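Per-entry structural report
Listed here are the chains, written in short residue letters.
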Amino acid sequence: MAIGKFITLEGIDGCGKTTQIELLQQYLRERGFTVETTREPGGTVLAEAIRCLLLEPRYGPVEARAEVFLYAAARAQHVAERIQPALQAGKLVLCDRYVDSSIAYQGYGRGLGAELVRQVNDLATGGLRPDLTLVLDVAVEVGLKRRRSHTAADRLEQEDLDFYRRVRQGYRELASQEPERVYLIDASRPPQAVWAQIKKTVDTLTWLIKG
């Protein structure tokens, strides 16, 4: 059985990932793929418990290195229990956030450096990397306004604008460094316009042509 493919969606809070991952999941299923959709931190019982520790404001403040290790622990379980088995079964895995989130948020946002975060996560994931990453890029002020208008702010969403500007810059640098994998999507537009750009990007990838 052929090994499946791994697609991740990334971006700052409020960029619209939830809407777009649902549209992408539906589109890929219509094209004949068996799709497994999941999220980080989360996706397993253990990882969801760690998610609560990471995002609930009452558990803060969290030391930056502790934050890295907590995300990595959740990710290690997620990869072992959920992502790798799905890939081995030939499924197409869609994940809302993955290692690039840690690089952007802890490497750039917290100032720990991208290389340290990569090393920790290479150990946690066994070096598993996505085949495609779509970064929904939007101005910090726009993203946070969208997010905070819908739900109460979690611990990370309470960070200041400068933190989120560093995170956004981290994502943009990742796209510049790995253009064959990481695609920037203009998420400042209405959802259907964002989806049109995602669909256009996906349709150019030969390995996503269902034989």
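Just so you know, these numbers come straight off a predicted model, no measurement behind them. (Residues numbered from 1 in each chain as written. Predicted model: local features only at pLDDT ≥ 70, side-chain atom pairs only at ≥ 80, totals over all residues. Heavy atoms only, no water.)

**Details of the overall build of the protein chain**
Where we set the bar: What counts as a helix is a DSSP run of H or I of at least four residues, what counts as a strand is a run of E of at least two, and both are numbered from the N terminus. The globule rule used for comparison is 2.2 Å times the number of residues to the exponent 0.38, while the radius of gyration itself is calculated over C-alpha atoms.
Counting secondary structure elements, the protein chain contains eight helices and five strands. What you see in the protein chain, going N to C, is helices and strands ordered as β-α-β-α-α-β-α-α-β-α-α-β-α. Relative to the globule expectation of 17 Å for 211 residues, the C-alpha radius of gyration of the protein chain, 16 Å, shows essentially globular dimensions. Its C-alpha atoms give the protein chain principal-axis dimensions of about 50 × 35 × 30 Å.

**Some words on the sheet that holds strand 5 (residues 182-186)**
Inclusion rule: For two strands to be treated as a pair, DSSP must find at least two bridges joining them. Only the stretch in contact is used when fitting a helix axis, every axis being a line fitted to C-alpha atoms; angles between N-to-C directions are given from 0 to 180 degrees. By definition, residues are in contact when any of their heavy atoms lie within 4.5 Å.
Read from one edge of the open sheet, five strands run 2-3-1-4-5, paired in parallel fashion. Both edges of this open sheet fall to strand 2 (35-39) and strand 5, since each of them pairs with a single strand only. For this sheet, the mean inter-axis angle between neighbouring strands, taken without regard to orientation, is 20 degrees. Across the sheet, helix 3 (residues 64-88) is in contact with strand 1 (5-10), strand 2 and strand 3 (92-96); its angle to strand 2 comes to roughly 160 degrees. Running over the sheet, helix 7 (residues 161-177) touches strand 1, strand 4 (132-137) and strand 5 and is turned about 125 degrees from strand 5.

**Focus: the packing of helix 2 (residues 45-55) against helix 3**
Our working definition: Angles are sorted into four bins: roughly parallel if under 35 degrees, roughly antiparallel if over 145, roughly perpendicular if 65 to 115, and oblique for all others. A crossing counts as left-handed when the near helix is turned anticlockwise from the far one by less than a right angle, and as right-handed when that turn is clockwise. Throughout, the ten residues Ala, Val, Leu, Ile, Met, Phe, Trp, Tyr, Cys and Pro are labelled nonpolar, Asp, Glu, Lys and Arg are labelled charged, and all others, Gly among them, are labelled polar.
Look at helix 2 against helix 3: their axes get within 8 Å of each other, and the N-to-C directions meet at 160 degrees. The pairing of helix 2 with helix 3 is recorded here as roughly antiparallel in orientation. As for the relative orientation of helix 2 and helix 3, their crossing is left-handed in sense. Contacts between helix 2 and helix 3 involve L46, A47, I50, L54 and L55 from the former and E67, L70, Y71, A73, A74 and Q77 from the latter. Considered class by class, the residues forming the contact of helix 2 with helix 3 number nine nonpolar, one polar and one charged.

**Let's talk about the packing of helix 4 (residues 99-109) against helix 5 (residues 114-125)**
Close contact between helix 4 and helix 5 brings their axes to 9 Å; oriented N to C, the two are set at 145 degrees. As helix 4 runs across helix 5, the sense of the crossing is right-handed. Seen from helix 4, the contacting residues are V99, S102, I103, Q106, G107 and Y108; seen from helix 5, they are A114, V117, R118, N121 and T125. Classifying every residue of the contact of helix 4 with helix 5 by side-chain character gives five nonpolar, five polar and one charged.

**Describing the side chain of E36**
Here E36 shows up in strand 2. Not counting residues up to four positions away in its chain, the partners in contact with E36 are R82, A86, K91, L92, V93 and L94.

**Considerations on the pattern of salt bridges**
Test applied: Salt bridges are counted wherever a side-chain nitrogen of Lys or Arg sits within 4 Å of a carboxyl oxygen of Asp or Glu.
In this structure the tally under the stated criterion is 21 salt bridges. As a salt-bridge pair, D137 and R172 come within 2.5 Å of each other at their nearest N and O atoms. In this pair, D137 is assigned in strand 4 and R172 in helix 7, connecting sequence segments 35 residues apart. Via salt bridges that share partners, E10, D13 and R97 belong to a single interconnected network.

**What to know about the nonpolar core**
Heads up, the rule is: Joining through side-chain atoms within 4.5 Å is the link that ties buried Ala, Val, Leu, Ile, Met, Phe, Trp, Tyr and Cys residues into a set, and such a set is a nonpolar core. A simple rule labels every residue: compare its accessible area, found with a 1.4 Å probe on the protein chains alone, to the largest value its type can have, and call it buried under 20%, exposed over 50%, or partly exposed in between.
One finds I7, L24, L28, Y105 and I198 to be the most contacted residues of the largest nonpolar core, which totals 60 residues. Those residues in contact with L24 that sit more than four places away from it in its chain are I7, L9, L94, L134, W195, I198 and V202.

**What to know about the environment of A49**
Tracing the backbone through its elements, the reader meets A49 in helix 2. As a C-alpha pair, A49 and G107 span 58 residues in sequence and 23 Å in three-dimensional space.

**Comments concerning the environment of W195**
Inspection of the secondary structure assignment puts W195 in helix 8 (residues 191-203). Given a relative accessible area of 11%, W195 falls into the buried group. Taking the C-alpha atoms as reference, W195 lies 19 Å from T206; in sequence the two are 11 residues apart. Setting aside its immediate chain neighbours within four residues, W195 contacts Q20, L23, L24 and Y27.

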